Each structure stands twice: as C-alpha cells, then as structure tokens.
Amino acid sequence: GGGTATSYSWSGGVTDGVVFNPTSTVTYTVTGTDANCSNTATVTVTVNPLPTVTANATATSICAGDAVTLNGGGATSYTWDNSVTDGVSFVPTATTTYMVTGVDANTCSNTATITITVNPLPTVTGTASTSSMCLTDADATLTGSPVGGTWGGPGVTGNSFSASTAGVGAQTLTYSFTDSNGCSNTATTVITVSICTGVTESSLANAVDFYPNP
C-alpha cells in the first residue's frame, strides 16, 4: 500500500491494497496524491523461481524385506511424507508413492514424487523322495517348486541326494529359487542318514554267510 497521501495509483496494472501475483522481478511506481500535491515512489518486487526438485531412490523396484534410501535434489532442505527421513534407509512394506518438498535458499519450495514398487518373495517348496535313508541306499530324488531353482547341501548333485556322500546324520538340504523380479526365497528339507544293521542270509554249499557281520 501507499504512504500518507489520500489516494494512490500504481504502475503495472496494480491496484493499491489488492493482492496480486507478480510473474517476474519488476519495479513498481506509485503516485500518491493529497488535497494539494502529488509525489511518486518506487519499489522493486523480486520474484525468485521455484526450485526444480527431484525425488531420487537407491532403487525403485525392490523385494519384500529390502531397504531403500530416498534423497531429494535441486533444493537445500527436504521433507518427505510417510515418515521418511531424507538420506536414511528404511524398509517399505508395500508399493507406495512418496512425495518430497524441497526448500531452497530463498525459502521457495516445490515438490516431486517417486513410486517404490515392493515385489513379494516367491513361494518356494522343496521335497525329497524320502526323509530317512540307510548309508548304502540308492540316491534319493529331490523336487523343487517353482521349477528352475537350485538344490544345495551335503551329498547333493543336481536333483539327487547321495547318502553315502553326505554321511551319517540329519542332513539339511535347501532349494533356492529367484524369480523374474530378482526376488529369491529358500525352502529346506531334512534327510536322516543312518547305518542300518541287519542280517542277509545266503545258502552256499557248506556254509552260511552273514552281511553285514552283526
């Protein structure tokens, strides 16, 4: 508004006392008139551009349970929604769009958004053709789902388990699978290998042999 005159006229189409939005930096001239005289004064309104704020992430597509870090760019300070702290890693629980507000040195602010996709882990199962074996038994067959994963553990070769190679004891075998999103999961199964005792009788001409020797 003007000063101590009784009426005021502004340049640039401005009306005294009425709010307006300047689109660029402009110097405005006001002419004040009282009952006898008139005079002028000027004021410069500086219009600072809004910062170009960016929303950035260490990854935009992650697997359930993975951590991600969000960072703002283009300003000097950043505030995120959804309780996210700029530059601090966290574990998203579901696919979410996050918004950041950036403020620059002129206290001008702008916003940006980024979506983090959370992919579920694949459902993986692994089974063996038997849960217990003798040390001398033939190999057991291992079956994993979805197809395309990898078996691991003592005595495992491909999709087979060798009791003699693994040795006596409860052998834990794992089946791991990675899906097209790069998310992986693992299933386990246990085969217990024992030294089996027993007697096998074979009749010969003049003798009886025992295998193994009890």
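Caption draft 1: Expanded view of the overall build of the protein. When you go through the protein residue by residue, the secondary structure sums to one helix and 19 strands. Evaluated residue by residue, the protein yields a buried proportion of 25% over its 214 residues. The long-range share in the protein, meaning contacts at least 24 apart out of those at least 6 apart in sequence, stands at 42%. Summed over all atoms, the accessible surface of the protein reaches about 12,800 Å², with 50% contributed by carbon and sulfur.

Caption draft 2: Here's a closer look at the side chain of Thr189. One can find Thr189 in strand 17 (residues 184-194). Look past the residues within four positions of Thr189 in its chain and what remains in contact with it is Gly126, Thr127, Ala128, Trp151, Gln171, Thr172 and Leu173.

Caption draft 3: How the structure looks around the environment of Gly155. Within the fold, Gly155 resides in the loop between strand 13 (150-152) and strand 14 (156-157). Apart from the residues within four sequence positions on either side, Gly155 is in contact with Ser160, Phe161, Ser162, Thr165 and Ala166.

Caption draft 4: Fine view of the state of the cysteines. All told, the structure shown has two disulfides when counted by the stated rule. Covalent S-S linkage joins Cys63 and Cys183, the inter-sulfur distance amounting to 2.1 Å. Disulfide Cys63-Cys183: torsion about the S-S bond near -100 degrees, hence left-handed. Of this pair, Cys63 sits in strand 5 (residues 61-63) while Cys183 sits in the loop between strand 16 (169-178) and strand 17; the two residues are 120 residues apart in sequence, bridging distant segments of the chain. A relative accessible area of 10% places Cys63 in the buried class. Two residues, Cys134 and Cys196, share a disulfide whose sulfurs are 1.8 Å apart.

Here is what the cut-offs are and how they apply
- Residues numbered from 1 in each chain as written.
- Predicted model: local features only at pLDDT ≥ 70, side-chain atom pairs only at ≥ 80, totals over all residues.
- Heavy atoms only, no water.
- Helix = DSSP H or I, 4+ residues; strand = E, 2+ residues; numbered from the N terminus.
- Buried < 20%, exposed > 50% of the residue type's maximum accessible area, 1.4 Å probe, protein only.
- Contact = heavy atoms within 4.5 Å.
- Areas by Shrake-Rupley, 256 points an atom, 1.4 Å probe, with all protein chains shown as cover.
- Disulfide = S-S within 2.5 Å.

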